[in-house]
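# Close look at the chain arrangement
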Amino acid sequence: MATRIDRAQVAETALRLLNEVGLEGLTLRRIAKELDVQAPALYWHFKNKQELLDEVATEMFRRMAESFSDVDSSTWQAYLTGSARVVRSFLLGYRDGAKVFSGTRMTGTDYAGPVEELMKKVVAGGFTPSAAARAWFTVNTYTMGYVIEEQSVRPVPGGERDPAYELEERARRLVGYPLAITAGTEFFGDLDAGFEAGLHAVVAGIEATLLPPGRAGVE
């Protein structure tokens, strides 16, 4: 009897395989092998890899959104920064997690509930709905970009640094270019501190440019 599979099973299997094979190795054929079915069985659910990644990203959002309700919402700053930390932490748990998640389209509409709640909390901080959306999008794209770079430094969750990002070796190669050495140390040194510094700058910029005058919140 043929094995019956559904979209949820395929997305679950893809997420499980990510740490093993990475984005490049995450093919429909590889997933079919893991599920012990023929590759054409997957094409019944997904026309191509992009459709698969859309479903995987949607499943990733469902899982990370479960933690948004635990984020401190006492101020809009706390909520935006806390939500960004949730996203970063979740994506770092998967090899190429940020690349898989960025640039994809959500499937279905069940993502709308968490987005609605997120928007309500930012609007409650004094933003117009449009400004709240721009604030979240700005924080989110910063987080995505940062994690993509971060996962170049440490490609495998919990793994070692890629040798190309060893700071001492980089400094030896760049003798005579002290500012370039400083830049590399800032970019690729303490990744946690770097994320927090950038996030603080982004949130300060949001307050300065998107929050209506007289509505500044308290950090």
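Read on for a plain summary of the structure. A quick note: this is a predicted structure, and the numbers were derived from the prediction, not measured.

For Asp-36, which is not glycine, the phi dihedral falls at a positive 60°. Along the chain, Asp-36 turns up in the loop between helix H2 (28-35) and helix H3 (39-43). Of note in this structure, Asp-96 is not a glycine but carries a positive phi near 60°. Mapped onto the fold, Asp-96 is located in the loop between helix H5 (76-92) and helix H6 (97-101). Looking at Asp-96, the relative accessible area reads 17%, which means it is buried.

Take the packing of aromatic side chains next. Taken as a whole and judged by the stated rule, the model has nine aromatic pairs. A ring pair is formed by Phe-61 and Phe-68, whose centres lie 6.3 Å apart and whose planes are at 65°; its orientation type is edge-to-face. Like Phe-68, Phe-61 is buried. Ring plane angle 85° and centroid distance 4.8 Å describe the contact between Trp-76 and Phe-127, whose orientation is recorded as edge-to-face. In this pair, Trp-76 sits in helix H5 while Phe-127 sits in the loop between helix H7 (112-123) and helix H8 (129-153), placing the two residues 51 residues apart along the sequence. Of the two residues, Trp-76 and Phe-127, neither departs from the other in class, the shared state being buried.

Taking 1.5 Å of rise per residue, 17 residues should cover 24 Å, and helix H4 (residues 49-65) covers 24 Å from first to last C-alpha, within 8% of that figure. Within H4, 12 of the 17 residues are buried, leaving the element largely enclosed by the surrounding structure. For H4, the set of buried residues is Leu-52, Leu-53, Asp-54, Glu-55, Val-56, Ala-57, Thr-58, Glu-59, Met-60, Phe-61, Met-64 and Ala-65. In the core, the buried residues of H4 are packed alongside helix H1 (7-25), H2, H5, H6 and H7.

Glancing now at the packing of H5 against H8. As a packed pair, H5 and H8 sit with axes 10 Å apart at the nearest point and diverge in direction by 30°. On the basis of their axis angle, the class for H5 and H8 is roughly parallel. When the axes of H5 and H8 are compared, the crossing they make is right-handed. Touching Leu-80, Ser-83, Ala-84, Val-87, Arg-88, Leu-91 and Leu-92 of H5 are Ala-135, Trp-136, Val-139, Asn-140, Thr-143, Met-144, Tyr-146, Val-147, Glu-150 and Gln-151, all from H8. Here the residues of the contact of H5 with H8 are counted per class, giving 11 nonpolar, four polar and two charged.

Counting across every chain of the model gives 15 salt bridges. As a salt-bridge pair, Arg-62 and Asp-110 come within 2.6 Å of each other at their nearest N and O atoms. Remark: Asp-110 occurs in the loop between H6 and H7 and Arg-62 occurs in helix H4; sequence separation between them is 48 residues. The partly exposed category is assigned to Arg-62, whose relative accessible area is 30%. Residue Asp-110 is classed as partly exposed on the basis of its relative accessible area, which comes to 42%. Each of the salt bridges in this network shares a partner with another, and the network as a whole consists of Arg-7, Glu-12, Glu-55, Glu-59, Arg-62, Arg-63 and Asp-110.

Attention shifts here to the side chain of Thr-104. Along the polypeptide, Thr-104 turns up in the loop between H6 and H7. At 2.6 Å, the side chain of Thr-104 and the backbone oxygen of Phe-101 are in polar contact. The contact partners of Thr-104, leaving out residues within four places of it in the chain, are Gln-50, Leu-53, Asp-54 and Ala-57.

What counts and what doesn't
Residues numbered from 1 in each chain as written. Predicted model: local features only at pLDDT ≥ 70, side-chain atom pairs only at ≥ 80, totals over all residues. Heavy atoms only, no water. Helix = DSSP H or I, 4+ residues; strand = E, 2+ residues; numbered from the N terminus. Buried < 20%, exposed > 50% of the residue type's maximum accessible area, 1.4 Å probe, protein only. Phe/Tyr/Trp six-rings, centres within 6.5 Å; stacked < 30°, edge-to-face > 60°. Expected span 1.5 Å × (residues − 1). Contact = heavy atoms within 4.5 Å. Axes fitted to C-alpha atoms, helices over the stretch in contact; angles between N-to-C directions. Parallel < 35°, antiparallel > 145°, perpendicular 65-115°, else oblique. Left-handed = near helix turned anticlockwise from the far one by under 90°. Nonpolar A, V, L, I, M, F, W, Y, C, P; charged D, E, K, R; others polar. Salt bridge = Lys/Arg side-chain N within 4 Å of Asp/Glu carboxyl O. Polar contact = N/O pair within 3.5 Å; in protein donor to acceptor, adjacent residues only side chain to side chain.

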